[in-house]
Every structure is written in structure tokens, then in C-alpha cells.
Amino acid sequence: PYTTLFRSVSTRAIDQANLALDKAQSDSVRQFAQTMLKDHTEAKEQGRKLLAEVGISVSAVSAGMQKESDDAMTELETVVPSNFDRTYLESQVRLHQALIRTLDDVIPETQGPQLKGLLEYMRQQADRHLAAARSTLESLRS
């Protein structure tokens, strides 16, 4: 489960944020994407380092979360430009909700204070990202 959190989720979030920086029409969506790019790049690096320190391989990927991220990326690559901003934010809401559910399942079972601390920090970040995605999406509807 750790590899999902650090590798596939962060990599796809980075890919989606880069795409949003290219295609988003709204400044608030581009600002949200910039935050996603920064935070997920940092999380990916922190996770990779910590997993290496504790001897956990970063090779396996959870099929469920990977598929959801891949599907979101495919949708973003093909959506009509006028719907991109809304579609991107809706996918970020769904993906961050899924990440939160996964973290809520994994954190109680996690051994080791460093890894558990990182996962708890990621849970807080995911909450902030979810709130920001919802808020930005709501501002588009106004």
C-alpha cells in the first residue's frame, strides 16, 4: 500500500497538475494545479527517501488507485477545453477522497514512527487539497 501512496498517486497528480497548468482557463485552477505540483513532488521525494530508509521497495502499484488516476488523466487529455477546469477539479476531489480512504485504512496498521508520521502528514495534506479542490470548484460555479 505504501508504494501506491508515494509513487503512482504522486506521479499521476504531478502529471495532471502539469496538464492543468497548460490547459486550465481559470487563474484559480492554475493556482490550485501549481499547489498540487509542488506538494505532490515533495511528497513523492519524501516518501521515496523514507521507504528506502526503512527498506520498503517502491515497485508495486495498487491496481485500483492506479486505474482511477489513469482514467482521470485520460479524461483530462480528451475533455473539451471549455470543460477542462471543472473536470480537473472534480477528478481531484474524487482522487483525494480515494487517497484519504486509503490512508485511513493504512495508518492504523503502520509500524514505525517515521513512516506513520509521514502518512499522517499526507492525510492532513490530502484533507487540505480536498478542501481546496472543493472550494475552487465552487468558485467556478458562482
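A. Fine view of the packing of helix 4 (residues 84-106) against helix 5 (residues 113-141). Remark: helix 4 packs on helix 5, axes separated minimally by 9 Å, with the N-to-C direction vectors making an angle of 155 degrees. Considering their axes alone, helix 4 and helix 5 lie roughly antiparallel with respect to each other. Every pair of crossing elements has a handedness; the one defined by helix 4 and helix 5 is left-handed. Split into classes, the residues belonging to the contact of helix 4 with helix 5 amount to 13 nonpolar, five polar and eight charged.

B. Highlighting the nonpolar core. Residues Ala17, Phe32, Phe84, Tyr88, Leu89, Leu103 and Leu119 are the most contacted members of the largest nonpolar core, which totals 33 residues. For this core, the secondary structure elements donating two or more residues are helix 1 (2-23), helix 2 (27-54), helix 3 (63-78), helix 4 and helix 5. With sequence-adjacent residues up to four places away left out, Phe32 is seen in contact with Tyr88, Leu89, Gln92, His129, Ala132, Ala133 and Thr136.

C. View of the confidence of the model for the protein chain. Here the protein chain averages 85 in pLDDT, while 86% of its residues score no lower than 70. When mean pLDDT is taken per element in the protein chain, helix 5 scores highest with 92 and helix 1 scores lowest with 78. Across residues 57-61, confidence stays below pLDDT 50; counting only partners more than four residues off in sequence or on other chains, it has 13 contacts.

D. Seen up close, the pattern of salt bridges. In total, this model carries 11 salt bridges according to the counting rule given. We note a salt bridge from Asp70 to Arg12, for which the minimum N-O separation is 2.8 Å. Of this pair, Asp70 sits in helix 3 while Arg12 is found in helix 1, placing the two residues 58 residues apart along the sequence. Since its relative accessible area comes to 21%, Arg12 is described here as partly exposed. Ionic pairing is found between Asp104 and Arg123, a salt bridge with its closest N-O pair at 2.7 Å. In this pair, Asp104 is assigned in helix 4 and Arg123 in helix 5, connecting sequence segments 19 residues apart.

E. Looking closely at the packing of aromatic side chains. Within the structure shown, the criterion is met by two aromatic pairs. Taking 5.9 Å as the distance between ring centres and 65 degrees as the angle between the ring planes, the aromatic pair formed by Phe32 and Tyr88 counts as edge-to-face. With Phe32 in helix 2 and Tyr88 in helix 4, this pair connects stretches of sequence that are 56 residues apart. Taken together, the ring pairs in this structure connect Phe32, Phe84 and Tyr88 into an aromatic cluster.

F. Here's a closer look at helix 5. With 29 residues, helix 5 extends 42 Å from end C-alpha to end C-alpha; this agrees with the ideal 42 Å at 1.5 Å per step. Those residues of helix 5 that sit buried are Leu115, Leu118, Leu119, Met122, Arg123, Gln125, Ala126, His129, Leu130, Ala133, Thr136 and Leu137.

Here is what the cut-offs are and how they apply
Residues numbered from 1 in each chain as written. Predicted model: local features only at pLDDT ≥ 70, side-chain atom pairs only at ≥ 80, totals over all residues. Heavy atoms only, no water. Axes fitted to C-alpha atoms, helices over the stretch in contact; angles between N-to-C directions. Helix = DSSP H or I, 4+ residues; strand = E, 2+ residues; numbered from the N terminus. Parallel < 35°, antiparallel > 145°, perpendicular 65-115°, else oblique. Left-handed = near helix turned anticlockwise from the far one by under 90°. Nonpolar A, V, L, I, M, F, W, Y, C, P; charged D, E, K, R; others polar. Core = buried A, V, L, I, M, F, W, Y, C linked by side-chain atoms within 4.5 Å. Buried < 20%, exposed > 50% of the residue type's maximum accessible area, 1.4 Å probe, protein only. Contact = heavy atoms within 4.5 Å. pLDDT = per-residue confidence, 0-100. Salt bridge = Lys/Arg side-chain N within 4 Å of Asp/Glu carboxyl O. Phe/Tyr/Trp six-rings, centres within 6.5 Å; stacked < 30°, edge-to-face > 60°. Expected span 1.5 Å × (residues − 1).

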